[in-house]
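As a plain string of letters, each chain reads:
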Amino acid sequence: MKDGGGQSIIRFEEVSKAFGPKVVLRGMSLEVKRGETLAIMGPSGIGKSVTLRHAVGLVQPDSGRVIVDDHDLSTISREDLRELRKRMGYLFQEGALINWLSVGENVALPLRENTDLADEVIREKVEEKLALVQLRGTYDLMPPELSGGMRKRVGLARALVTDPEIVFYDEPNTGLDPEISMSINHLIRDLAERLQITSIVVTHLVSCILVVADRVVLVDQGRVFAEGTPDEFIRSQDERVVRFLAKPYD
Amino acid sequence: MAFLEILNGAFVAAGYRVDLLVQVVGKLGHLPRRRGLVADQFYVGGIKVLHVVLLVGFSIGMVVSLQTGLELSRIGQQDQIGTLVALSMAREMGPFITSTILAAAVGSALAAELGTMAVSEELAALEVLSIDRVSYLVLPRVVALAILCPMLTILCDTVGIIGGGFVARSQLGVGLALYYDTVIDSLQTPSKLFSLPKDVYAGLFKSFVFGIVIAIISCSAGILARGGALGVGNATRSAVRDSIILVIILNYFMTWYFYQQ
């Protein structure tokens, strides 16, 4: 595991966000180093996914700043944000596949739209990523024919097909059986180590953070209240960490 | 307070629609890349509703012919029934009926489709993938409906006139040759702008505008949908309602523009 001592690539500075009367983030600050895998843990509905959405500019903070690779996402131009996002991958909770496109077309979509690669090269890359998530032979299936876990893995293949520098995983294990879930955890770990991908993983599974994370932050009431390596985390004597880990999530 | 919120919401929605239209116009250069998606929309918005347009157009032509024919026959002018049916269909009934069918059948489907994409995070996924959703989703739908609506209007006008002729002959005793002669005579008024007769191009121009209006309103309703199935239902309802209202209002102003003395 890395020590996380490198250069910061994602930084949240006192980010606050409310949706109507519901305050989700209250001065959230965190930092992710280049090549590091940060896991964000916390109970359901406390803004873990909203944090990820801030990091890709899908949501703007009410106050505070989100800095990604020296770009302030509140002031970045639309064109620069588009270019920045081309270096990112994002796994949505439910996969977010385009329903009228086949599995292969879904995975190929960012390559078809944003590159000039030949069809054969795109097909090759798509097949490679589908194999990576253990979905060989599914190129022509349509999303309604897939189980929830398969959709998620297609979403993961799509997130990885452009070989991004930064990948955001929103609950990568939800809906997967334990075996596939563990293989996805190892895939995330392997990608991070082999390709030096920076990752943020939102999860509530301790089994996930033990495999994938270099560092863990525990979020509650809209801010980070505990931080450390996975080992430090599970050995923590902090009452709130102990209480969180005692809940039967895993 | 609630009234002000509704008013504010209406202004925001109107602003979003205008902005969407401007963006679509700005991305017309992307059309060659999107020809496949436009063709898909032709199938969804054209072929799938063709039978409805033909059936309703034929029936409306019959009704117009019967209603006006009965009145004309009282004053001995039933020979002019072809003129009335042709002008009614070309100027008003064809464009209005076609756009109403498209709003109900295609606009609702567009709003539901994009609304479902919005609530299931597919639109967010497109954004994160750096795919321009206006170019990828909205442009093909607007272009397809802008072309389809006039094409379907021509068919609606034609079958309406045929339906009117059927009634003229069977119910009013007007010969088909006379009926079609009066139809053709009535559609000869030359226009200043195009080689098409004025009544035909005015109706087709209206249809072109209606097609754009339906597509923009339906797409914006879908994109702005929030809150699961309920939100998609609301988006679909507002798409059809707002499309038909705007079609009726614009119809008046365009009729006034084309036919003012």
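Just so it is clear, the model here is predicted, and its values are computed rather than measured.

Quick notes on the rules
Residues numbered from 1 in each chain as written. Chains lettered and ligands numbered in written order. Predicted model: local features only at pLDDT ≥ 70, side-chain atom pairs only at ≥ 80, totals over all residues. Helix = DSSP H or I, 4+ residues; strand = E, 2+ residues; numbered from the N terminus. Buried ≥ 20, exposed ≤ 12 C-beta atoms within 10 Å, placed from the backbone. Contact = placed C-beta atoms within 7 Å. Nonpolar A, V, L, I, M, F, W, Y, C, P; charged D, E, K, R; others polar. Pairing = 2+ DSSP bridges. Axes fitted to C-alpha atoms, helices over the stretch in contact; angles between N-to-C directions. Domains from an automatic or database assignment.

## Comments concerning the environment of Phe96 of chain B
All names here are of chain B.
Next up, step 1: Mapped onto the elements of the fold, Phe96 is located in helix α3 (residues 81-119).
Next up, step 2: With 21 C-beta atoms packed within 10 Å, Phe96 lands in the buried category.
Next up, step 3: For the pair Phe96 and Arg34, spaced 62 residues apart in the sequence, the C-alpha separation amounts to 29 Å.

## Some details on the interface of chain A and chain B
Accessible area lost when the parts come together is the quantity often used to give the size of an interface.
Next up, step 1: If you look at the interface, chain A gives 15 residues, while chain B gives 10 residues.
Next up, step 2: Of all elements in the fold, only α2 (78-85), β6 (88-91) and α3 (103-114) of chain A reach the threshold of two or more residues within the side of chain A that touches chain B.
Next up, step 3: Here the side of chain A that touches chain B is composed, by residue class, of 9 nonpolar, 1 polar and 5 charged.

## Overview of the sheet that holds strand β1 (residues 8-19) of chain A
Residues and elements named next belong to chain A.
Next up, step 1: As summarised here, the arrangement of the 4 strands in space is β2-β1-β4-β5, forming an open sheet in which the pairing is antiparallel. A strand with exactly one partner marks an edge of an open sheet, and here the two such strands are β2 (22-33) and β5 (71-72).
Next up, step 2: Here strand β4 (residues 63-68) runs beside β5; their pairing, made up of 2 bridges, is antiparallel. Paired with Val68 across the two strands is His71, which belongs to β5.
Next up, step 3: Packed on one face of the sheet, helix α1 (residues 48-55) meets β1, β2 and β4 and runs near 60° to β2.

## What to know about the pairing of strand β3 (residues 37-41) of chain A
Residue and element names in this part refer to chain A.
Next up, step 1: For β3, the buried fraction is high: 5 of the 5 residues fall into the buried class.
Next up, step 2: By the alternation rule, side chains of β3 split into Thr37, Ala39 and Met41 and Leu38 and Ile40, which are all buried.
Next up, step 3: Bridging between β3 and strand β8 (residues 198-202) involves 4 bridges; their strand directions are parallel. Following the sheet pairing, Leu38 is matched in β8 by Ile200.
Next up, step 4: Relative to strand β9 (residues 215-220), β3 runs parallel, the two being bridged by 4 bridges.

## Quick notes on unusual backbone geometry
Residue and element names in this part refer to chain A.
Next up, step 1: Residues other than glycine seldom take positive phi values, yet Asp69 does so here, at roughly 50°.
Next up, step 2: Positive phi, close to 50°, is recorded for Ala96, a residue that is not glycine.
Next up, step 3: Looking at the secondary structure, you find Ala96 in the loop between β6 and α3.
Next up, step 4: C-beta crowding within 10 Å serves as the criterion here: with 28 such atoms nearby, Ala96 is assigned to the buried category.

## So, the pairing of β2 of chain A
Residues and elements named next belong to chain A.
Next up, step 1: Where β1 meets β2, 8 bridges bridge the pair, whose relative direction is antiparallel. Bridging from a neighbouring strand, Lys17 pairs with Leu25 of β2.
Next up, step 2: Where β1 folds back on β2, the antiparallel hairpin that results is connected by 2 residues, among which Gly20 adopts a positive phi of roughly 60°.

## Structural notes on the domain arrangement of chain A
Residue and element names in this part refer to chain A.
Next up, step 1: Segmenting chain A into domains produces domain 1 (1-87 + 165-250) and domain 2 (97-163).
Next up, step 2: Each of domain 1 and domain 2 was reduced to a C-alpha centroid, and the two centroids are 25 Å apart.
Next up, step 3: Domain 1 puts 10 residues into the contact, and the matching count from domain 2 is 10 residues.
Next up, step 4: Here the side of domain 1 that touches domain 2 is composed, by residue class, of 6 nonpolar, 2 polar and 2 charged.

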